[in-house]
Amino acid sequence: MVVLKTIIKYLLGFFILIQLIPINYEDQVKTDPALEMKAPPEIMAVFKRSCWDCHSNNTVLPWYSHIAPVSWTMSRHVDLGRKWLNFSTWESLTPEEKDKKLGEIYTAVFVAMPLKSYVFAHPEADLTPDERKMIREWTGKAPF
Ligand code: HEC
């Protein structure tokens, strides 16, 4: 019992300590609204519902997103997500860059996106097969 208590005490201490590690979360990054992607409303509705938290400069963070170690994973997802694809700055891309990204979106909406861990916490973000198809067709990319 004494051993167990000691272990719990250390675990608790560790948990409290890791809360002090600063993380770089910028949920709302000021961006020129003119740079946001221009796409038909039904397409934008899907992106805003399923992709926005990781692929835009307007991330909605739930309370648990500030608690380590969850916060580490989530801030990495937002950071990486924005680097790969940022709908908030889409219109600043060159036509070539957009074309490349559309190809990536085409592939990503098959299964990979939105991330499974995200869908677990946000079931409403999951895409129906029809929505996946609609996005793929909209990208104008041919099947491999
Ligand atoms: C929970 C955060 C999250 C959500 C929600 C999310 N993504 Fe991602 N996305 C990422 C991360 C992180 C990456 C970086 C690559 C990786 O880790 O797999 C990524 C990568 C991508 C890429 C580049 C992939 C490649 O390898 O070419 C595309 C395209 C993409 N996401 C599209 C989407 C679309 C479209 C949605 C909505 C239907 C979406 N994502 C939802 C986190 C997310």
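Throughout what follows, the structure given in this document is the object of discussion. (Residues numbered from 1 in each chain as written. Predicted model: local features only at pLDDT ≥ 70, side-chain atom pairs only at ≥ 80, totals over all residues. Heavy atoms only, no water.)

A tally of helices and strands in the protein yields seven helices and zero strands. Reading the protein from its N end, one meets helices and strands in the order α-α-α-α-α-α-α. The globule rule puts the C-alpha radius of gyration for 144 residues at 15 Å, and the 19 Å found for the protein is more than 25% above it. Taking the principal axes of its C-alpha atoms as reference, the protein extends roughly 65 × 35 × 25 Å. Counting over 144 residues, the protein shows a buried share of 33%. Element-wise, carbon and sulfur atoms account for 69% of the exposed surface of the protein, whose accessible area totals about 9700 Å². Mean positive and mean negative side-chain charge positions of the protein (17 and 17 charges, respectively) differ by 7 Å. (Helix = DSSP H or I, 4+ residues; strand = E, 2+ residues; numbered from the N terminus. Rg over C-alpha atoms; globule rule 2.2 N^0.38 Å. Buried < 20%, exposed > 50% of the residue type's maximum accessible area, 1.4 Å probe, protein only. Areas by Shrake-Rupley, 256 points an atom, 1.4 Å probe, with all protein chains shown as cover. Lys, Arg positive; Asp, Glu negative; His and termini not counted. Charge placed at Lys NZ, Arg CZ, Asp CG, Glu CD.)

It is worth spelling out helix H2 (residues 41-50) at this point. What sets the pattern is the α-helix's 3.6 residues per turn: residues three or four places apart point alike. Burial in H2 covers these residues: Ile43, Met44, Val46, Phe47 and Ser50. Seen along its axis, H2 keeps its buried residues to an arc of 160 degrees; they face one direction. Summarising the contacts, the buried residues of H2 are in contact with helix H3 (52-55), helix H5 (95-108), helix H6 (116-121) and helix H7 (129-139). (Arc of directions from axis to C-beta. Contact = heavy atoms within 4.5 Å.)

At this site the iron atom of the ligand is bound by His55 (NE2) and Met113 (SD), with donor distances of 2.0 to 2.3 Å. Here the iron atom of the ligand binds six donor atoms, and the angle range of 83 to 177 degrees at the metal identifies the geometry as octahedral. Note that His55 is positioned in helix H3 and Met113 in the loop between H5 and H6, a separation of 58 residues in sequence. For His55, a relative accessible area of 12% corresponds to the buried category. Residue classification places Met113 among the partly exposed residues on the basis of a relative accessible area of 28%. (Donors = N, O, S within 2.8 Å, 3.2 Å for Na, K, Ca; no water. Tetrahedral: all angles 85-135°; square planar, octahedral: opposite > 155°, others 65-115°.)

Taken together, 18 residues are adjacent to the ligand, and Cys51, Cys54, His55, Trp84 and Met113 come closest. Within the side chain of His55, an N or O atom sits 2.7 Å from a nitrogen atom of the ligand. Assessed atom by atom at 2 Å from the grid points, the ligand resides in the largest pocket. Contributions of two or more residues to the shell around the ligand are made by H3, helix H4 (70-84) and H5. By residue number, the principal contributor to the shell around the ligand is H4, which donates four residues. (Near = heavy atom within 4 Å. Polar contact = N/O pair within 3.5 Å; in protein donor to acceptor, adjacent residues only side chain to side chain. 1 Å grid on protein atoms, 1.4 Å probe; cavity = no way out; pocket = protein on both sides within 12 Å on 5 of 7 lines; lining within 4 Å. Sits in = over half its atoms within 2 Å of the grid points.)

Ranked by internal contacts, the top residues of the largest apolar core, which has 15 residues, are Met37, Phe47, Phe87, Trp90, Ile105 and Ile135. Sorting elements by how many residues they give to this core places H2 first, with four residues. Excluding residues that lie within four positions of it along the chain, Trp90 makes contacts with Leu35, Met37, Leu85, Lys98, Lys101, Leu102 and Ile105. (Core = buried A, V, L, I, M, F, W, Y, C linked by side-chain atoms within 4.5 Å.)

The next thing to look at is the layout of surface pockets. Looking at the largest pocket, its volume works out to about 400 Å³. Listing elements by their share of the lining of the largest pocket, those giving two or more residues are H2, H3, H4 and H5. Per-class residue counts for the lining of the largest pocket are 14 nonpolar, four polar and two charged. Taken as a whole, the second largest pocket spans an internal volume of roughly 260 Å³. Considering the residues around the second largest pocket, the lining is formed by 18 residues, among which Met74, His77, Ser117, Tyr118 and His122 are closest to the centre. (Points joined across faces, edges and corners; volume = space filled by probe spheres on them. Nonpolar A, V, L, I, M, F, W, Y, C, P; charged D, E, K, R; others polar.)

We now examine the packing of aromatic side chains. Counting across every chain of the model gives five aromatic pairs. A centroid spacing of 5.5 Å and a plane angle of 10 degrees characterise the contact between Trp52 and Phe87, whose relative ring orientation is stacked. With Trp52 in helix H3 and Phe87 in the loop between H4 and H5, this residue pair connects regions lying 35 residues apart in the sequence. When sorted by exposure, Trp52 lands in the same class as Phe87, which is buried. Where Tyr106 meets Phe110, the ring centres are 5.5 Å apart and the plane angle is 75 degrees; that geometry is what we call edge-to-face. Overall, Phe110 belongs to the partly exposed group, its relative accessible area being 35%. (Phe/Tyr/Trp six-rings, centres within 6.5 Å; stacked < 30°, edge-to-face > 60°.)

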